[in-house]
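Coordinate inspection notes
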Amino acid sequence: MVLLDGLDEVRPNDLENVLDAVREFGYRVNRLVITCRTQSQQYMDGFTDVEVADFTPQQVDRFVDNWFTIVDSGSQVSLAPQLQQQLRQTENQAIAELAVTPVLLNLICVVFQDRQGNLPEKRFQLYDHAMRLLLERLKRQPIDETLDFAAKEKFLAELAFMLFQNNDYFPEEQTLAEFIERYFGYDRFAARKILEIFETETGLLIERSAGYWSFSHLTFHEYFTVSKILEWEDSDIRQHLKRYILEKRWHNVFYLISERTKL
């Protein structure tokens, strides 16, 4: 059985070549499972299309119960019932829509616990709070005394935007190392060390396979891309984004920007 994950993250110019390679591999005599986002689905003769089901409300409740049972095992009062109730409230619909995905529901639990029982009003606020919690972990193992929180956040924003702009979701390690060398002025050894620390301490950047890295979830990549774009003047944001209005991969970026601006 061959597993091909993230077909929607292949560069558009390479997509047909990848699909041809799958066909030539002989999928009629081998078993293949290919995954992608539903809105980026590619029809391929001979395959059965299936969709991974979202969490049901009951499954969301069970996940939240289990999460707080483990994390708040020493607490007298669990926050699980409060979160379950708030996710059902109309004003929290934008956040509740994320709860159908396990990795994002985990993020919701983390932020809810840190905010002591209050959900953020908007998705961008959720991501912003979660990313700050993850980056705070780097304090346990400083990369460099001059690399403070703002510098780490700005670095990830610059990196995310560069990769997103180039439609490069799985850059080679050499690409990242060269970027870090230019950005911080470090040597190659220090650049590799930075990658390893971001992976082990935050989980934001991970090595997917030997020599290839990515943000651990596309949502994080999109969040930091938006963080970079929001540094610009409104007129520059409009000028830049209108080039991508018809590209589906930019739609979530547009949504997050719309939460933060009046464009």
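Residues numbered from 1 in each chain as written. Predicted model: local features only at pLDDT ≥ 70, side-chain atom pairs only at ≥ 80, totals over all residues. Heavy atoms only, no water.

Some words on the overall build of the chain
When you go through the chain residue by residue, the secondary structure sums to twelve helices and four strands. In terms of overall dimensions, the chain is globule-like: its C-alpha atoms have a radius of gyration of 20 Å, near the 18 Å expected for 263 residues. Each principal axis of the C-alpha distribution contributes one length, and for the chain these read about 60 × 50 × 40 Å. Across the 263 residues that make up the chain, the buried fraction comes to 40%. At a minimum sequence separation of 6, the contacts of the chain that also span at least 24 residues come to 60%. The positive charge centre, built from 29 side chains, and the negative charge centre, built from 42, are 3 Å apart in the chain. (Helix = DSSP H or I, 4+ residues; strand = E, 2+ residues; numbered from the N terminus. Rg over C-alpha atoms; globule rule 2.2 N^0.38 Å. Buried < 20%, exposed > 50% of the residue type's maximum accessible area, 1.4 Å probe, protein only. Contact = heavy atoms within 4.5 Å. Lys, Arg positive; Asp, Glu negative; His and termini not counted. Charge placed at Lys NZ, Arg CZ, Asp CG, Glu CD.)

Quick word on the pattern of salt bridges
Taken as a whole and judged by the stated rule, the model has 14 salt bridges. Close ionic contact of Arg-23 with Asp-20 constitutes a salt bridge, the shortest N to O distance being 3.0 Å. With Arg-23 and Asp-20 both in helix α1 (residues 12-25), this residue pair falls three residues apart, about one helical turn. Taking the relative accessible area as the measure of exposure, Arg-23 reaches 34% and is therefore partly exposed. Arg-188 is the partner of Glu-181 in a salt bridge, and the nearest nitrogen-oxygen pair spans 2.3 Å. According to the relative accessible area criterion, Glu-181 is partly exposed, its value standing at 25%. Judged by its relative accessible area of 41%, Arg-188 falls in the partly exposed class. Sharing partners across several salt bridges, the network here consists of Lys-154, Glu-158, Lys-228 and Glu-231. (Salt bridge = Lys/Arg side-chain N within 4 Å of Asp/Glu carboxyl O.)

A short note on the nonpolar core
Among the nonpolar cores identified, the biggest contains 64 residues, and Phe-68, Leu-83, Ile-108 and Leu-156 are the most heavily contacted of them. In terms of residue count, the dominant contributor to this core is helix α7 (residues 149-165) (eight residues). Setting aside residues no more than four positions away along its own chain, Leu-156 makes contact with Leu-135, Phe-198, Leu-204, Leu-205, Phe-215 and Phe-224. Core analysis: the next-biggest nonpolar cluster, separate from the first, contains six residues, Leu-15, Leu-19, Val-22 and Leu-32 among them. (Core = buried A, V, L, I, M, F, W, Y, C linked by side-chain atoms within 4.5 Å.)

Some details on the pairing of strand β4 (residues 212-215)
Sheet topology note: the strand β3 (residues 205-209)/β4 ladder contains four bridges and is antiparallel. Looking across to β4, one finds that Ser-209 is bridged to Tyr-212. Once β3 ends, the chain turns through two residues before running back antiparallel as β4, passing Gly-211 with a positive phi of about 85°. (Pairing = 2+ DSSP bridges.)

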